[in-house]
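Chain by chain, the residues:
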Amino acid sequence: MSEQPAIAIRDLVKRYAPDGGGEGKLALGGVSFDVPEGGVFGLLGPNGAGKSTLINILAGMVKKTSGSVSIWGFDIDRDMRNAKRSIGIVPQEIVFDPFFTPFEVLENQAGLYGVRKELRRSMDLLRAVHLEDKARAYSRTLSGGMKRRLLIAKALVHAPPVLVLDEPTAGVDVELRRQLWELVREMNARGVTIVLTTHYLEEAEELCERIAIINHGQLIADKPTAELVGMAREKIVRITLDKDLAGPPMEEAFLKAEVIAPRTLEVTYNRDRSSAGQVLALMQQHGYAIEDVTTREADLEDVFVSLTTDSQTASAER
Ligand code: ADP
Ligand code: MG
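First, a word on what this report is: a plain description of the structure on this page. Just so it is clear, the structure is predicted and the values come from calculations on it, not from any experiment. (Residues numbered from 1 in each chain as written. Chains lettered and ligands numbered in written order. Predicted model: local features only at pLDDT ≥ 70, side-chain atom pairs only at ≥ 80, totals over all residues. Heavy atoms only, no water.)

A word on the coordination of the magnesium ion (ligand 2)
Coordination of the magnesium ion (ligand 2) by the protein is provided by Ser52 (OG) and Gln92 (OE1), with metal-donor distances spanning 2.1 to 2.4 Å. One end of the pair, Ser52, is in helix α1 (residues 51–58); the other, Gln92, is in the loop between β6 (87–90) and α3 (102–112), and 40 residues separate them in sequence. Judged by its relative accessible area of 31%, Gln92 is partly exposed. (Donors = N, O, S within 2.8 Å, 3.2 Å for Na, K, Ca; no water. Helix = DSSP H or I, 4+ residues; strand = E, 2+ residues; numbered from the N terminus. Buried < 20%, exposed > 50% of the residue type's maximum accessible area, 1.4 Å probe, protein only.)

Observations concerning the pairing of strand β8 (residues 193–198)
Summarising burial for β8: six of the six residues are buried, a large majority. The side-chain alternation of β8 yields two buried faces, one formed by Thr193, Val195 and Thr197 and the other by Ile194, Leu196 and Thr198. Examined bridge by bridge, strand β3 (residues 40–44) and β8 share five bridges and lie parallel to one another. Paired with Gly42 across the strands is Leu196, a residue of β8. When strand β7 (residues 162–166) meets β8, the two strands line up parallel, connected through five bridges. If you follow Val162 over to β8, its bridge partner there is Thr193. Once you follow β7 into helix α6 (residues 174–189) and on to β8, the crossover reads as right-handed. (Pairing = 2+ DSSP bridges. Right-handed = clockwise from strand over helix to strand, strands pointing away.)

Shape is all these values report; function is a separate question.
Below is the structure:
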């Protein structure tokens, strides 16, 4: 095991310049975490959390306000050249010159990075992303999924040990999402450390060994996936009753009970300790008949709420 993280981020702050008066937008408010070498790391957060800002700082496309970042041991202030060589970035948006073929796209990128002709491996890369039969097609004729795969190959031309994908599956269909997940696993199996941003908890859970969550430019969690998912063991059942509720019923099995309409109650419970059936039975014991029921898993929002509430409680107890 190597002691040096693939990426080390300390007290990272980004304030975008204001376009009128005022202070400007604080996109990252002092974020610190490490990406360990060798795994698949998820940076999870809702839209506007600061994920792309962080990725673009790694890519050298956005200038940080303060803090430090090192990639593969190279500080981006002192050694941007080596830092840049150590990382490949797949941006959120697809942009290609439509008149180049995938093979040419990779050759041009290799030229840009000064990869010598004899060291280029454009065909190998196309094979790795399952595009070898499209090597000579125009990029504009590729499907959306093929373009995304080509972007991944393009990010890998200089053989970086770290590959970063910014929302690789936002707005793609289920089939393509599966394909991209498979590809991420294949690249990781070849020894590439992967960082991906996503706003889908399910995706991070599926792919990543470790997950950091950011919200409003603040890091609110950085944990092994299993631990984090344990915090999302809550389920919510919404019940419509036959008569108006006097007030929220008190039951030990209820983590939370909220009256959201005169006859509608939302109960949060832990699925390891209770069940929807138990919740309904308890309501019947309170003298209500059940007219309608829906349940849902705690989603990313709920995990945020529970994590931020936990950290507030924890700091209040200190
Ligand atoms: P995410 O990728 O998590 O959706 P972003 O990093 O794109 O979040 O954005 C974080 C915040 O910074 C948002 O409030 C966004 O509006 C703001 N922001 C992003 N880019 C710029 C920019 N170039 N100028 C000003 N504000 C920006
Ligand atoms: Mg983004």
